[in-house]
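Survey of secondary and tertiary structure
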Amino acid sequence: MERFGQDYARLCAAAGAAPQEAVLRRLREPAAARGRLDLAAQSLSLQTCSALGRLLPGAAPFAALALGDCGLSEEGGTIRPVEVARSVRLLLHGLCSNTTVKSLDLKGNNLRTMGAEALGKLLRQNKSIRSLTLEWNSLGMWEEGFSFFCQGLRANNFLQHLDLRNNQINHQGAGELAMALTQNSSLQELDLRWNNVGLLGGRALLNCLHSNKTLKRLELAGNNVPGDILKAVEQALDHNQDREAILSEAQNQVNILSKEVLSLKDEKNKQFMDFVDTVDKQKEERARSEKMSAARVSQLQEALDEQYSIMNSLKTKLQMTEAALALSEQKVHNLGELLNAMKQEQNSLAECHFRELQQRKQEGADREGRLLHDLSAASEKNLLLRNQVDELERKCKVQQDQLFQVKQDLTNTTAELKLRAVEAEERLEMEKRRFKQSLEDMESLRVKEVDRMKQHMEASERSMHNRIQRLEAIRISLEEELSQVKAAALTERGQAEEELIKVRSQARLEEQQRLEHLEEKLRLMTESRDEAQNCCLKQKEMVAEAQAKAKQLSLYADGLRRRLDELQQDLDSKEEEKVTEVNKVKVELQEKIGHLEAERTAQDGLREKIAALERQLKALSSNHREALLDKEGEISLLLEKLRMKEAEISRMREEEAQRASFLQNAIMAYVQGSPLGTHGSRKQKQSDEALSGFFTIPAVALAVLMGSRYTFSIGRNSCTEGLRVQWCPYGDSRALAVVLQRVAVNGSSGQMMVNCAATT
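Residues numbered from 1 in each chain as written. Predicted model: local features only at pLDDT ≥ 70, side-chain atom pairs only at ≥ 80, totals over all residues. Heavy atoms only, no water.

**Regarding the overall build of the protein**
Along its length, the protein carries 15 helices and 10 strands. Going through the 760 residues of the protein one by one, you find that 29% of them count as buried. Contacts in the protein between residues at least 24 apart in sequence constitute 79% of all its contacts with a sequence separation of at least 6. Summed over its atoms, the accessible surface of the protein is roughly 47700 Å², and 55% of this surface lies on carbon and sulfur atoms. (Helix = DSSP H or I, 4+ residues; strand = E, 2+ residues; numbered from the N terminus. Buried < 20%, exposed > 50% of the residue type's maximum accessible area, 1.4 Å probe, protein only. Contact = heavy atoms within 4.5 Å. Areas by Shrake-Rupley, 256 points an atom, 1.4 Å probe, with all protein chains shown as cover.)

Have a look at this one:
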């Protein structure tokens, strides 16, 4: 890591910029020495990004790189947007050819179009990154950039964990992501929480799970996805996990069987090599025995030549041996006794051989007992295997119950399950054909291996039989030679008896040497015969053991074949059950489709009614709008009339005010100009009432001033008779009332006497 920091400082100095102290400090931390470079929350300059991009290709000294919240936003920040795009491209371009970084963290950088394109290129070219964290970015804001990212994900087959939380991914982005997941075969965990996937995006992701069988975890919280789609996604993920477990178990079983087959092959090869070694040893022993027999024959020939020379010398000394004839006869008698003893020894040896044969037979019986014991153990093992098969059947029943539960759950799905069932059937058929093909290949290999071992055993048995026959022929020839030697010895003994009459002492010594030589020869021959018999017995034991092992292997292979047949029957039964379940599901789906079509027709009728009502509503709204326009026009006309009336009323008020002022002025002028009578009692009343007095107004002038708009009331007073006139203008809030209380009419002058009180 120190070398990496030095290279970083050197590249920054070459670019004319000082290295960032925060980066150097993080490179010196213990976490960096343990293989993790944490640059989170550090504002990286363009020169730092360029230096890191040049140092990252190849084998970097760390396996995890954290660049979260580093200010790589395309909206600006500490770096301008163009420089941001360059920095992101430089960093990710350096990671394209990196071979050591397994985990990359780019959360909180607000990456958009440029970042998405660079990430797509990284996913297409990098083959080492297993975990990629892109939380709190904006990759889904622009569809073109996110499509580049999805294309890179489609071409990547090494990424296992992808975090896309809070990336503003809509339903179109989710569709692109689903298309990428259909061809991706390595991603196992995908986090899409807190985006805007919606109903269409959830359906697209659910559809992609039909072809993607490696995704085990998919988080969709906070995406406005309906609950039924979430449940269907969970079921698909559970199905992927179950399928992965079944495949791993099948792969483990295949590996175990292959290991067993390899162990059997190794054991057979070892047995074959041991057998070849034993055959070679036997050949070497036979060669040694042949050499020894040839040496013995040469020794016997030399002994015979010596005997012939001795015979010639005895013929010359015949006359000298007559004196020792009695001793030679005694010696012959002793030799006869020795021969009898040798015969007894041969008989005892024969009995010993017989006892050994009996003992070997007993050992063979014991071996058969052991084989029977092994057979009983194999039968117990078979019982254990049957118990295991029963357990597997129980498991199959449990799985059948689970399948029944799944069938009940499948009743709530839609027509998309039909395609899923067809794909599952095709995959199952492919798996079935592949499993059958592997079973047939294993069976053919096992049959070929057994046939080869049988042929090899038959050839070895034939070679052993031929060798035993050759050894028997050698033994018979040796016995014939021994008999011939014995006959020659007897003839020589007769001649020696004639010759030993003369030379008893010399013949005695020579006969003793000869007898010792013959005894040695007989002992060597018996030893060779015992060795040959032992070799034959060993070879027979090896053949018997090989036959027993071959029988055990054949029994084990038969057990495996029966087990495979049972498993095949179970698979067939499960296949039939699955076909029946699929048929039931198809029938139920067809019924549901019929109900849905009926509901759709009903909905079409309702839509037509709604359209008709909407048309009526539009017509009513248009009519209502026209009526409103008409009413508004009438209201405007009425307002205009009201304004005109108000103007007219104001004008009339002004006119009335002018008339009132004119009347007041006229009355006041008249009052001031008219002679007043003596009225002592009325002066006190005039002081109490405002503007009151007696005056005379010409009737014509009063009528002109008041006009026809005033109302006159004629009443009668308790004291005097006269007219009471009250007038007020219509519509005037300020009423001017002139009350004529007392009126005196002068008939001669045509004038009225008025008692007037004016109030405002």
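**Details of empty space enclosed by the protein**
Here the idea is plain: a probe the size of a water molecule rolls over the atoms and shows the empty space left. Tallying each qualifying case throughout the model produces five cavities of 30 Å³ or more. The volume enclosed by the second largest cavity comes to roughly 80 Å³. Every residue along the wall of the second largest cavity is listed here: Ser293, Arg296, Val297, Leu300, Leu478, Glu481, Leu482, Lys521, Met525 and Ser528. Per-element tally for the lining of the second largest cavity: the top contributor is helix α10 (residues 227-316), with four residues. For the lining of the second largest cavity, the residue count by class is five nonpolar, two polar and three charged. (1 Å grid on protein atoms, 1.4 Å probe; cavity = no way out; pocket = protein on both sides within 12 Å on 5 of 7 lines; lining within 4 Å. Points joined across faces, edges and corners; volume = space filled by probe spheres on them. Nonpolar A, V, L, I, M, F, W, Y, C, P; charged D, E, K, R; others polar.)

**With respect to the sheet that holds strand β6 (residues 189-191)**
The parallel open sheet is built from seven strands, whose spatial order is β1-β2-β3-β4-β5-β6-β7. In this open sheet, the two edge strands, each paired with only one partner strand, are β1 (36-38) and β7 (217-219). Here the average twist between neighbouring strands, direction ignored, is 0°. Bridging between β1 and strand β2 (residues 64-66) involves three bridges; their strand directions are parallel. Within the sheet, the bridge partner assigned to Arg36 lies in β2 and is Ala64. (Pairing = 2+ DSSP bridges. Axes fitted to C-alpha atoms, helices over the stretch in contact; angles between N-to-C directions.)

**Considerations on the packing of aromatic side chains**
Scanning the model with the defined rule gives two aromatic pairs in all. On the basis of an interplanar angle of 85° and a centroid distance of 5.5 Å, the ring pair of Phe4 and Phe62 is categorised as edge-to-face. Within this pair, whereas Phe4 is found in helix α1 (residues 2-14), its partner Phe62 is found in the loop between α4 (46-55) and β2, the two being separated by 58 residues in sequence. (Phe/Tyr/Trp six-rings, centres within 6.5 Å; stacked < 30°, edge-to-face > 60°.)

**Some points on the UniProt feature "coiled-coil region" (unreviewed entry) in the protein**
Mapped onto the present numbering, the UniProt feature "coiled-coil region" (unreviewed entry) falls on residues 240-267, 311-345 and 375-655. In this annotation, residues 240-267 is assigned 100% helix and 0% strand; the end-to-end C-alpha distance for the span is 40 Å. (UniProt positions renumbered as here; feature names shortened; annotations may be inferred.)

**A look at helix α8 (residues 171-183)**
Compared with the 18 Å implied by 1.5 Å per residue over 13 residues, the 19 Å span of α8 between its first and last C-alpha is a close match. Among all positions of α8, only Gly173, Ala174, Gly175, Leu177, Ala178, Ala180 and Leu181 are buried. Tucked into the core, α8 has its buried residues touching α7 (143-155), β6 and α9 (198-208). Of the residues that open α8, the one with a side-chain oxygen 3.3 Å from the backbone nitrogen of Gln172 is Asn170. (Expected span 1.5 Å × (residues − 1). Polar contact = N/O pair within 3.5 Å; in protein donor to acceptor, adjacent residues only side chain to side chain.)

**A closer look at a negative patch on the surface**
On the surface, Asp274, Asp277, Asp280, Glu284, Glu285 and Glu531 cluster together into a negatively charged patch. Examined against the element boundaries, Glu284 turns out to sit in helix α10. (Patch = residues over 30% accessible without salt bridge, like charges linked within 9 Å, V, L, I, M, F, W, Y side chains within 5 Å. Salt bridge = Lys/Arg side-chain N within 4 Å of Asp/Glu carboxyl O. Lys, Arg positive; Asp, Glu negative; His and termini not counted. Charge placed at Lys NZ, Arg CZ, Asp CG, Glu CD.)

**Thoughts on the nonpolar core**
In terms of nonpolar packing, the biggest core is built from 70 residues, with Leu162, Leu164 and Leu190 touching the most fellow members. Discounting residues that sit within four places of it in the chain, Leu190 has contacts with Leu162, Leu164, Leu177, Leu181, Leu215, Arg217, Leu218 and Glu219. (Core = buried A, V, L, I, M, F, W, Y, C linked by side-chain atoms within 4.5 Å.)

**Overview of the pattern of salt bridges**
When their charged atoms lie close together, side chains carrying opposite charge are able to pair. Throughout the structure, instances matching the rule amount to 16 salt bridges. When the shortest N-O distance is used, the salt bridge between Arg523 and Glu527 registers 2.8 Å. Residue Arg523 and its partner Glu527 are located together in helix α13 (residues 504-673), separated by four residues, close to a single helical turn. Salt bridges linked by common partners bring Glu135, Asp163, Arg165, Asp191 and Arg193 together as one network.

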